[in-house]
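The chain contents come next:
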Amino acid sequence: MEKEAVSREILYDLSEWFGIQESVEEYIRDSQEKPFLDCYMNDESVGFVVLNATSKDCADIFVIGIKKKFHQMGIGSVLNEAYETMARKLGYAYSQVKTIQMRHYEEYDIANNFYIAMGYKELE
């Protein structure tokens, strides 16, 4: 599957996190030119992550998504590890993810707890 089809299928499955259609379409469009990794199970695309360069030394997770029916199966950890490996191979010394501050939205707290479990720290 091409990047657009994968990102569209998965992001529209995650309306709790990606509920504004214009923003979803912007993620889909902007992901096309960035390093993109996707994950498959039994020939079904189940998740993806996109790397964005924020400086010559720092990359960030531009967008990551895993179909709801595949949550809590370790796919996020696999995607994060693959993203970190890709970032290092591309020469980035630092990696970050930007999200909503804790305790504002339950859905984002779930995502934030995932990032904390992956070793990310609150910077701002």
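Please refer to the structure higher up on the page.
Since the model is a prediction, treat every value here as computed from it, not as a measurement.

Student: Got a sec to walk through the pattern of salt bridges? Specific residues and values, please.
Tutor: Side chains that differ in charge, positive against negative, can pair when their charged atoms come close. For the structure shown, the criterion picks out 7 salt bridges. Between lysine 98 and aspartate 60 there is a salt bridge whose closest N-O contact spans 3.9 Å. Taken together, the positions of lysine 98 in the loop between strand E4 (94-97) and helix H4 (106-117) and aspartate 60 in strand E3 (residues 58-66) put the pair 38 residues apart, joining distant regions of the chain. Judged by its relative accessible area of 6%, aspartate 60 is buried. What you see here is one network of salt bridges that share partners, running through Glu9, Glu44, Lys67 and Lys69.

Student: Account for unusual backbone geometry, with residues named and values stated.
Tutor: A positive phi angle, close to 65 degrees, is found at aspartate 43, a residue other than glycine. As for its placement among the helices and strands, aspartate 43 is situated in the loop between strand E1 (36-41) and strand E2 (44-53). Unlike most non-glycine residues, glutamine 72 shows phi in positive territory, near 65 degrees. Structurally, the position occupied by glutamine 72 is in the loop between E3 and helix H3 (75-89). Judged by relative accessible area, glutamine 72 falls into the exposed class, the value being 80%.

Student: Explain the nonpolar core to me, using residue names and the numbers behind them.
Tutor: Membership of the largest hydrophobic core comes to 31 residues, with the highest contact counts inside it found for Phe48 and Ile61. Counting only elements with at least two residues in this core, the list comes to helix H1 (3-11), helix H2 (21-31), E1, E2, E3, H3 and H4. Dropping the residues within four chain positions of it, phenylalanine 48 is found in contact with Val6, Ser7, Ile10, Leu11, Phe36, Leu37, Asp38, Val63, Ile64, Gly65 and Leu79.

Student: A description of the side chain of serine 31 should follow, citing residues and the corresponding values.
Tutor: Position of serine 31 relative to the elements: it lies in helix H2. Among the polar contacts listed, one links the side chain of serine 31 to the backbone oxygen of tyrosine 27, at a separation of 2.6 Å. The residues touching serine 31, leaving out its near neighbours within four places in the chain, are Lys3, Phe36, Val50, Phe62 and Val63.

Conventions used here
- Residues numbered from 1 in each chain as written.
- Predicted model: local features only at pLDDT ≥ 70, side-chain atom pairs only at ≥ 80, totals over all residues.
- Heavy atoms only, no water.
- Salt bridge = Lys/Arg side-chain N within 4 Å of Asp/Glu carboxyl O.
- Helix = DSSP H or I, 4+ residues; strand = E, 2+ residues; numbered from the N terminus.
- Buried < 20%, exposed > 50% of the residue type's maximum accessible area, 1.4 Å probe, protein only.
- Core = buried A, V, L, I, M, F, W, Y, C linked by side-chain atoms within 4.5 Å.
- Contact = heavy atoms within 4.5 Å.
- Polar contact = N/O pair within 3.5 Å; in protein donor to acceptor, adjacent residues only side chain to side chain.

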